[in-house]
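Spelled out from the first residue to the last, the chains are:
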Amino acid sequence: MGVLKLAHINARSLTNNFDEFQDHVMHNNYDVVAVSETWLQNTLDTDAINLSNYNFFRKDRGSRGGGVGIYIKSYFNCSVIAMENSDSYEQLSIKVLDKHKVVYVVGVVYRPPHGNLSDFLDNFEEALSTIISIHEKVFCLGDFNIDLLKHDDNMVIKYRSMLDVFGLSQIIECPTRIAKDFFSLIDHILVSEHKSILSSDTVSSNNFSDHDYVVCNAELDYCQIHTSIFSFRNLKDYVGVAASFEDALMEVAWSDIYTLPDVNHKVAFLSRNLLSLFDDFFPIITVTSRKPKAPWLTDNIKLMMKLRDNAYRRFKKTKKNGHWEYYKSLRNLVTFSIKQEKKAYLNFKLSNGDKSSLWRAVKDLDIYKKHNAKLPNELNKPDEINRFFNQSISNSSIATQSQHLNCYNTIHHSVNDKFKFHSVRKHILSYENY
C-alpha cells in the first residue's frame, strides 16, 4: 500500500509569486498538484515554470486568464486523455500508471464564475460518463465556482445529485476562499473511492493566491515510488585528468578516417573512438534523485511557518478580525523572512568565490528567465565574424588543411564531388535558453 498526496490551487497567474508556490510544493512533497487559472500564454516555455522531479502538463486558454495544468512526480508514467473542448469550462485529464500497473485518472477543472451553470453541469456530466465508464479510480480537483456552503441553492443540489449518480464524493468541507468579510467553498476534490481517503483539508496559500490549497492523502495499492534514477557523465574531475585525456586523444590514429569509404563509416569511427575515451576517463554514473534541497528553510523559518498556519486555522474557526490581523502579520513576516534567507544564502555562495558552488546555489533557487533573450547587435553581424576568423587563420594552417583535402581526394578516385568551401550568409535572430 502507498499514499498518494494530491493538492489543488487556483493560482490566478502561476508566474506571479512562483517562488512561493514552488517552496510550498517542495516542502509538502505532493505527488500531484492541479492548478487552475494558470494565466499562461502559449509563448511561455514550460521550462520557465518547471519544478524539479515533476512533469508539467498544461492546457492554456490562448487568451487572457483561465488555463489549467497538472504537476505530477516524474516517476509516474502519464499520458493525456483526449477530451472534447467545452465553452462552459476548462479541463485537463491525465491517465497515471505506476510500476505495479495501478491505473487512475487525475483531472483538473476550472469553471469561470459568470458562465452558464446549467450548461456546465450538462457538459461535465457528459465528460464524467466517458471517464467513469473506463476508469475506476478517479480524482478530479478544481475551482468549480459552485459554493457548497449554499446548501439550499437549486444548482448546488443538482450538482450534488449528479455526483451521487456517478458515485463521486466531494471531500472538502471547509471554506476555500476566505477574506475578512466573506468566505466560500468553491474549490473541490471529487473522488471515486471515498474509503481510500485518509485525510483532506485546506492549507493557506498565503501571498500566492486568494484561494487556499485543497489537499488530500489517498491510500492506493503500490502507488508510490520514492526515487527517480538517472545517469550522466561526471566531468567535474576534468582538470585533474586533462593532460592524460589529451595524450590519449593524440594516440588515436585519426588519419585513418581518410581511408574509410563513406560518411556512415566515418561517423562510426569518430563515435567509437570518442565514446571509448569518454568511457575510460569520464564513465557514466547512475544516481538516485532525492527531494530537492531548500537550505533557506531554516529551523526558525519552519517554526514561523507553523505559527502562521496555526494562526490561520484559528481564524477559520473564530472568524474574529483580531485573529485575521494576527495571521496576516505572521504571513507577511514569513514571506519577508524567506526572501531574506534566500538572499543571504546566495550572498554567502557569492562571497565563497567557488564558481561551481555558486552555480549549484543558483540551480537550487531555480532562477530562470521568462522570455527568450536576444543576441546583442555585435553578434548579429555574420560578415564581420566571418572576416575575423578568416584573418585569424595562419597561412601554414591553410596549407596543412589543403594537404589533408588533397590527400583525401587522391585516395578516393571515385569521388566526383570534391570538398569545397562556400560562403555562408545567415543572420542569427535569437537564441533560446535551455
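See the structure printed just above.
Quick notes on the rules
- Numbers given to residues run from 1 along each chain, matching the order in which its sequence is written.
- The predicted origin of the model limits local features to residues at a pLDDT of at least 70 and limits the giving and counting of side-chain atom pairs to 80 or more, whereas totals for whole chains, interfaces and linings rest on all residues.
- Heavy atoms from the whole structure form the basis of all side-chain values; hydrogens and water molecules are not counted.
- Buriedness of a pocket was judged along seven lines, with at least five required to meet protein on both sides within 12 Å; pockets are open sets of points on a 1 Å grid over the protein atoms alone, cavities are sets where a 1.4 Å probe fits but cannot get out, and lining residues have an atom within 4 Å of a point.
- Grid points are joined across faces, edges and corners, and a volume is the space filled by probe spheres set on the points.
- Helix and strand assignments follow DSSP, with helices taken as H or I runs no shorter than four residues and strands as E runs no shorter than two, numbered in order from the N terminus.
- Basically, the charged four are Asp, Glu, Lys and Arg, the nonpolar ten are Ala, Val, Leu, Ile, Met, Phe, Trp, Tyr, Cys and Pro, and anything else, Gly included, counts as polar.
- Here the rule is simple: two strands pair whenever DSSP picks up at least two bridges between them.
- For every residue, the accessible area obtained with a 1.4 Å probe (protein chains only) is divided by the maximum for its type, and the residue is called buried under 20%, exposed over 50%, and partly exposed between those limits.
- A clockwise course of the path from the first strand over the helix to the second, judged with the strands pointing away from the viewer, identifies a crossover as right-handed.
- Orientation is described by axes fitted as lines to C-alpha atoms, over the contacting stretch for helices, and by angles from 0 to 180 degrees between their N-to-C directions.
- In these notes the angle categories are as follows: under 35 degrees is roughly parallel, over 145 is roughly antiparallel, 65 to 115 is roughly perpendicular, and the rest is oblique.
- In this scheme, a crossing is called left-handed if the near helix is turned counterclockwise away from the far one by less than a right angle; it is called right-handed if the turn is clockwise.
- Two residues qualify as a contact provided that any one of their heavy atoms is within 4.5 Å of a heavy atom in the partner residue.

It is worth spelling out the layout of surface pockets at this point. Space inside the second largest pocket adds up to approximately 570 Å³. Forming the boundary of the second largest pocket are 30 residues, of which E20, H24, N206, M305 and R308 lie nearest the centre. Of all elements in the fold, only α1 (18–28), β13 (197–203), α6 (299–318) and α7 (321–352) reach the threshold of two or more residues within the lining of the second largest pocket. Top contributing element to the lining of the second largest pocket by residue count: α6, with eight residues. Here the lining of the second largest pocket is composed, by residue class, of eight nonpolar, ten polar and twelve charged.

As a further point, take the sheet that holds strand β8 (residues 138–143). Strand order in the open sheet formed by six strands is β5-β6-β7-β8-β12-β9, and the pairing between neighbours is mixed. Every interior strand has two partners, whereas the edge strands, β5 (77–80) and β9 (169–170), have only one.

In terms of residue burial, strand β1 (residues 2–10) counts as a mostly covered element, since seven of its nine residues are buried. Bridge count for β1 against strand β14 (residues 213–220) is seven bridges, and the pairing is antiparallel. Looking at the pairing, L6 lines up with C216 of β14. Pairing between β1 and strand β2 (residues 32–36): five bridges, direction parallel. Counterpart to A7 in the pairing with β2 is V33. This β-α-β element, β1 to α1 to β2, shows right-handed connectivity.

With that settled, consider empty space enclosed by the protein. One pass over the full model with this rule turns up two cavities of 30 Å³ or more. Reported here for the largest cavity is a volume of approximately 120 Å³. Taken together, 15 residues make up the lining of the largest cavity; nearest its centre are S93, F124, L128, I131 and C140. Of all the secondary structure elements, the ones that give two or more residues to the lining of the largest cavity are β6 (90–97), β7 (103–110), α2 (117–132) and β8. Class assignment for the residues of the lining of the largest cavity results in twelve nonpolar, three polar and no charged.

Remark: helix α4 (residues 238–251) packs on helix α5 (residues 263–281), axes separated minimally by 11 Å, with the N-to-C direction vectors making an angle of 155°. Judged on the interaxial angle alone, α5 and α4 are roughly antiparallel. Crossing of α4 over α5 shows right-handed handedness. Within the contact between the two elements, α4 uses V241, S244, F245, A248 and L249 and α5 uses L274, L277, F278 and F281. Of the residues in the contact of α4 with α5, the class split is eight nonpolar, one polar and no charged.

Attention now moves to α1. Burial analysis of α1 places eight of its eleven residues in the buried class, which makes it a mostly covered element. Within α1 the residues assigned to the buried category are F18, E20, F21, Q22, D23, H24, V25 and M26. Just downstream of α1, N29 is the residue with a positive phi angle, here 55°.

All quantities given are derived from atomic positions and should not be read as evidence of function.
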